[in-house]
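Inside the fold
Here is how the chains run, residue by residue.
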Amino acid sequence: MRCIMEIGMRSRNTCLVSPRHDRSKAVEILVKDLKVFATFNEELFKEITQLLTLENFRENEQLSKYGDTKSARAIMLVELKKLIEANPLFRDKLQFPNLKNSRLRTLINQSLNWQHQLCKNPRPNPDIKTLFVDHSCGQANGARAPSPANNPLLGSLPKAGGFPPLGAHGPFQPTPVPVPQPLAGWMSNPSTVTHPAVSGGAIGLGASSIPAALKHPRTPPTNSSIDYPSGDSDHVSKRTRPMGISDEVNLPVNVLPVTFPGHGHSQTFNAPDDLPKAVARTLNQGSSPKSMDFHPVQQTLLLVGTNVGDIALWEAGSRERLVSKNFKVWDLSACSMPLQAALVKDPAVSVNRVIWSPDGSLFGIAYSRHIVQIYSYHGGDEVRHHLEIEAHVGGVNDLAFSHPNKQLCVITCGGDKTIKVWDATNGTKQYTFEGHEASVYSVCPHYKENIQFIFSTAVDGKIKAWLYDNMGSRVDYEAPGRWCTTMAYSADGTRLFSCGTSKDGESFIVEWNESEGAVKRTYQGFHKRSLGVVQFDTTKNRYLAAGDDFSIKFWDMDNIQPLTSLDADGGLPASPRIRFNKDGSLLAVSANDNGIKILANSDGMRLLRTWENLSYDASRTPEAPKPTVNPISAAAAATSAGLADRSASMVAIAGMNGDARSLGDVKPRITEESSDKSKIWKLTEISEPSQCRSLRLPENLRVTKISRLIFTNSGNAILALASNAIHLLWKWQRSDRNSNGKATASVPPQLWQPSSGILMTNDVADTNPEETVPCFALSKNDSYVMSASGGKISLFNMMTFKTMTTFMPPPPAATFLAFHPQDNNIIAIGMDDSTIQIYNVRVDEVKSKLKGHSKRITGLAFSHVLNVLVSSGADSQLCVWNTDGWEKQKARFLQVPAGRTPTAQSDTRVQFHQDQIHFLLVHETQLAIYETTKLECVKQWVPRDSSAPITHATLSCDSQLVYASFLDATVCVFTAANLRLRCRINPSAYLPASVSSNVHPLVIAAHPSEPNEFALGISDGGVHVFEPLESENKWGVPPPVENGSASSMAASPSVGAPGSEQAQR
């Protein structure tokens, strides 16, 4: 190119200086100038000089085919291509790769993601045309919209220079190990493991007594008590985005989870002992079971549908059939004429699917004839008609519940080749998805990063995916077997599996690679010709199970070879129906002769005995009154009613941070028999170290006192925040003495630090950290901690202890942190100026500012069932906020007992019970149980006047116990249902006699899966872990029930009067 330009310039100059018609002279000058080429290419020089002598360059043979400019350029491009391809430097680098459609779509989606990174309210489904224009996405009223950066069907990429992406189930994903995105980027990886019960500091003991603990916004309505940001509002507290953040902040949402060495993200299994293998119950259904589902809350409650259209509700613990109903059309006149005619001609109907709603307040039945029926469940044997929908022409093959747009919906599919979405409240049809060319066999709704979608399978083997937008299928794949296929995710939502059987009886279970929409692994071990369609289920993020060859076969998800096979003592059909309960401790299996077998592991056995005992006790006591349904949440109240009838349920508990922690890992406790009434009950006193197991954790860092304390979600470590703003982390390793690596008082842990030797130290601004209010919140995968000690809020990497970023400098200073239970981009931050800021991490913006307290915020707790936020403050006030619009619903000041005067800095803490309806209130003057919708105190315990104040308290992981610490260093254990004292641990049991009398516990934390284990943070900087003696395995026994009636929180409206346990305090 340089040579051509040179020739052109010289030719121009030659024409300017040469005589007007002296052509030969001009040629001579040019030849002389071009002679330089002769030195390295004689042939090229000759060709150039020959061209100069021609009147028309097309007289040259090689140039004769040049026509107009366009054709000349085309010819030149061909020649250039040949030259480039001949160059060895470009060899093997010019072949354009073969791209699958999914990969090409991913590249386009990634471009869309980058384009929308700086949009305040990015569109949930941006059009590809936006790539060609400048644009901005806006949304009315500041409503939160799902980000395409977090869109599972649109890939996901981080915001440059911003905060790490926060997933709905797994915030702050740790390592920059990107996983490709596709099915247009099939979803990122959220975690369903919910937050632990974070413990705060001492309650109300002067300036040094500190609060803490930890836990969805939609379009906010008008509310005078809230400052809502707008484009021209002073309340849009937007700060400059932090720059120079570590590389670890810019992480894709879809990354691999990181856990501590030897610390699994989910409960550790010792296969195959953790599998439910023993036949614990045999139920006689009366007709052949076709579909089964355990209640998500009361995990021994089994819903069954049969081949003759019957449904039944079984309490597996007591072997009692609570409900039995035959098929009947509720309103025949509302049915279409074809359905009426079909039922008259052949009334035989079978059940294709039964399933509970996520909160257990509804259940649905899909029938083989057009119809879907939805019942509401109100506890015990009380079920009511809710909806009857004529959903499809022909059979309804499958049924599922989902929450698109925060609204509970019913999803159906059928023989008319369609998938339909219905409002679960009124039965209104919202979407119809068409595109399958055969009967739709199953549906699998799922969500990641706030994006809801549905997988569907048809009997022609096609798999399709749909967003709730009527825009058609997003994918089109072939299922192995190409006939009847079902799909399911692992419990944490990160791994996708399908199970199918071909028309020839060949069965497959496969794991899908969501990045490419291809089969990742195929599990082996099926009978060559299965008799019937094989059914499967998953449990605990670890195991797969399928009914095949007259047995149940199990696989480890990471191994294609079968793990084990069971025949359940024989009597199984060729392809038995199977269903795990939520925590994987029970497995329902259909049997011959219309039977159902309940298989259990050791935890399942305990769970069954628990409900068996409850049933036995209930048969001897008067029935408790049922609570009224509150209009705040009919479904939630229905759930509450069910829980009232059937005792405390085994669901997720909300911690002192208000976040929920899954009880999938919580060991069920056997209900203590209060049966032997002839024995005189005596309070269990522990005064000697030999009477319990306790361990002071090793320490080599000088800290003055422990202000915050929490067990990690895995249960393998304890994190503490000291008053000098330093974090301490103790880890337990697997060993011969500690095979599961869980935190225990029997084996000392290691005070862990990274090899760099750095410490996690909070920003303290210009304040004295000893006088500030510390707070922290732990990410759900234990990889990051968000923390503050009077200065900016810091984000730390728990693996490296590096400070990822800091934000929100004071004033005001943060005094409490709580993640939203359904969107971890949203954080509720309590402030020392009495406000609560609803902060969106992704856009670095305060969305709402809640005003209702008069002093600093000391507690926050979310209920994902009621969709409310409960706040407490140093003003001894409780407030309930609706998370739909952040308006204040109720407020009430604490009932301070007569004769008790709280200190000026007295804190009030709140922590939701596992039923998500009641919450524990902790104040230096009392413990209390409140019902949220009415904000009424239903139980209260008050220390006697001469007793020391309460410093802190927390619920056990199963919400059956309350652990409370006191200023005199005493620790008390209460039965949570009635707040009756059952065990007292005196200071002499864990503190040396030489320790000052001023040393006392400031904070208490409960283990996430061991109900009888807790830890104390002490004012001298120590941390103690407690467990009962192995011979006892519990903290005392509950006092006998007074007047022969059992206590029930939901059924007891009165405040419990101080009893004998008060005097003992």
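So, here is what we can say about the structure in this document.

1. Some remarks on the overall build of the protein
The number of helices and strands found in the protein is nine helices and 60 strands. Burial statistics for the protein: of 1065 residues in total, 58% are counted as buried. Counting every atom, the protein has about 42100 Å² of accessible surface; 52% of that belongs to carbon and sulfur.

2. Quick notes on the pairing of strand β16 (residues 451–458)
Burial analysis of β16 places eight of its eight residues in the buried class, which makes it a mostly covered element. Alternating positions in β16 separate into two faces, I451, F453, F455 and T457 on one and Q452, I454, S456 and A458 on the other, with burial throughout. Pairing between strand β15 (residues 440–448) and β16: eight bridges, direction antiparallel. Its bridge partner lying in β16, S442 is registered against T457. Sheet analysis places β16 next to strand β17 (residues 462–467), joined by five bridges and oriented antiparallel.

3. Focus on the pattern of salt bridges
As enumerated under the stated definition, the model contains 22 salt bridges in all. Measuring nitrogen to oxygen at the nearest pair gives 2.9 Å for the salt bridge that ties E511 to R495. Here R495 lies in the loop between β19 (484–489) and β20 (496–501) and E511 lies in strand β21 (residues 507–513), a separation of 16 residues in the sequence. In this structure R495 comes out as buried when scored by relative accessible area, which is 16%. One connected set of salt bridges, linked through shared partners, spans K462, K464, D476 and E478.

4. Concerning the sheet that holds strand β53 (residues 936–941)
Pairing is antiparallel across the open sheet formed by four strands, whose spatial order is β50-β51-β52-β53. Since the sheet does not close on itself, it has two edges, and those belong to β50 (908–912) and β53, each with one partner. The mean inter-strand angle of the sheet, taken between neighbouring strand axes irrespective of direction, is 25°. In this structure, strand β52 (residues 926–931) lies alongside β53, joined through five bridges in antiparallel fashion. Of the residues in β53, the one forming a bridge with I929 is K939.

5. Quick word on the sheet that holds strand β58 (residues 1001–1006)
In space, the four strands of this open sheet follow the order β33-β60-β59-β58, with antiparallel pairing throughout. Each of the sheet's edge strands pairs with one partner strand only, and the pair in question is β33 (693–696) and β58. Along the sheet, successive strands turn relative to each other by an average axial angle of 20°, direction set aside.

6. Brief notes about the pairing of strand β35 (residues 717–722)
Counting buried residues in β35 gives six out of six residues, a clear majority hidden from the surface. Here β35 shows no split at all, with A717, L719 and L721 on one side and I718, A720 and A722 on the other all buried. For β35 and strand β36 (residues 727–731), the ladder comprises five bridges, and the chain directions are antiparallel. Along β36, the bridge assignment pairs I718 with W730. In this structure, the hairpin formed by β35 and β36 is closed by a connection of four residues, where A725 is found at a positive phi of approximately 80°.

7. Overview of the side chain of S291
Inspection of the secondary structure assignment puts S291 in strand β3 (residues 289–294). At 3.0 Å, the side chain of S291 forms a polar contact with the backbone nitrogen of V354.

8. Description of a nonpolar patch on the surface
Nonpolar side chains collect at one region of the surface, where M76, L77, L80, L83, I84, L89 and F90 lie side by side and expose about 720 Å² of accessible area between them. Within the secondary structure, L77 sits in helix α4 (residues 69–86). Among the residues examined, L77 registers a relative accessible area of 58% and is labelled exposed.

9. Some thoughts on the environment of Q877
Residue position: Q877 is located in strand β48 (residues 877–882). Residue Q877 is classed as buried on the basis of its relative accessible area, which comes to 7%. Linking Q877 and T908, residues 31 residues apart in sequence, is a C-alpha distance of 8.0 Å. Side-chain polar atoms of Q877 contact the side chain of D875, separated by 3.2 Å.

10. Overview of the environment of S959
For S959, the location among the structural elements is in the loop between β54 (950–955) and β55 (961–966). Taking the relative accessible area as the measure of exposure, S959 reaches 2% and is therefore buried. Here the alpha-carbon distance between S959 and L920, two residues 39 residues apart in the chain, equals 9.7 Å. Within the structure, the side chain of S959 is placed 3.0 Å from the backbone nitrogen of Q914, a separation counted as a polar contact.

11. Digging into the packing of aromatic side chains
Following the criterion strictly, the structure yields 24 aromatic pairs and no others. Centroid distance F433 to Y468: 6.4 Å. Interplanar angle 70°. Geometry classified as edge-to-face. Of this pair, F433 sits in strand β14 (residues 429–434) while Y468 sits in the loop between β17 and β18 (475–478); the two residues are 35 residues apart in sequence, bridging distant segments of the chain. With respect to class, F433 is no different from Y468; both count as buried. On the numbers, 5.4 Å between centres and 75° between planes, the contact of W752 with F801 is edge-to-face. One end of the pair, W752, is in the loop between β37 (750–751) and β38 (775–778); the other, F801, is in the loop between β40 (793–797) and β41 (803–807), and 49 residues separate them in sequence. Residue W752 shares its accessibility class with F801, and that shared class is buried. Among the aromatic residues, ring-to-ring pairing joins W330, W356, F363, Y375 and Y377 into one connected group. One cation-aromatic arrangement involves K731 over W752; the distance from NZ or CZ to the ring centre is 3.6 Å.

12. Notes on unusual backbone geometry
The omega torsion of the bond from P810 to P811 falls at -5°, within 30 degrees of zero and hence cis. Relative to the helices and strands, P811 is located in the loop between β41 and β42 (814–819). Following P811, the chain continues to P812 via a peptide bond in cis, the omega torsion being -10°. Among the structural elements, P812 can be located in the loop between β41 and β42.

13. So, the state of the cysteines
Counted under the stated rule, the structure contains zero disulfides. C983 carries a free sulfur, and the closest cysteine sulfur to it, the one in C972, is 8.2 Å from it.

14. Looking at helix α3 (residues 42–52)
Along α3, the positions that sit buried rather than exposed are F45, I48, T49 and L52. Looking down the long axis of α3, one finds its buried residues gathered within 95° of arc, a one-sided arrangement.

15. Observations concerning the packing of helix α2 (residues 23–34) against α3
Packed helix pairs are specified by the crossing angle of their axes together with the interaxial distance, meaning the distance between the axes. Put simply, α2 and α3 touch, their axes get as near as 10 Å, and they point 165° apart. As far as their axial angle goes, α3 and α2 are roughly antiparallel. Viewed along their axes, α2 and α3 form a crossing whose handedness is right-handed. When α2 is examined against α3, the residues R23, V27, L30, V31 and L34 are found in contact with a partner set consisting of F45, I48, T49 and L52. Looking at the contact of α2 with α3, its residues break down into seven nonpolar, one polar and one charged.

What counts as what
Residues numbered from 1 in each chain as written. Predicted model: local features only at pLDDT ≥ 70, side-chain atom pairs only at ≥ 80, totals over all residues. Heavy atoms only, no water. Helix = DSSP H or I, 4+ residues; strand = E, 2+ residues; numbered from the N terminus. Buried < 20%, exposed > 50% of the residue type's maximum accessible area, 1.4 Å probe, protein only. Areas by Shrake-Rupley, 256 points an atom, 1.4 Å probe, with all protein chains shown as cover. Pairing = 2+ DSSP bridges. Salt bridge = Lys/Arg side-chain N within 4 Å of Asp/Glu carboxyl O. Axes fitted to C-alpha atoms, helices over the stretch in contact; angles between N-to-C directions. Polar contact = N/O pair within 3.5 Å; in protein donor to acceptor, adjacent residues only side chain to side chain. Patch = residues over 30% accessible without salt bridge, like charges linked within 9 Å, V, L, I, M, F, W, Y side chains within 5 Å. Phe/Tyr/Trp six-rings, centres within 6.5 Å; stacked < 30°, edge-to-face > 60°. Lys NZ or Arg CZ within 6 Å of the ring centre and 35° of its normal. Disulfide = S-S within 2.5 Å. Arc of directions from axis to C-beta. Parallel < 35°, antiparallel > 145°, perpendicular 65-115°, else oblique. Left-handed = near helix turned anticlockwise from the far one by under 90°. Contact = heavy atoms within 4.5 Å. Nonpolar A, V, L, I, M, F, W, Y, C, P; charged D, E, K, R; others polar.

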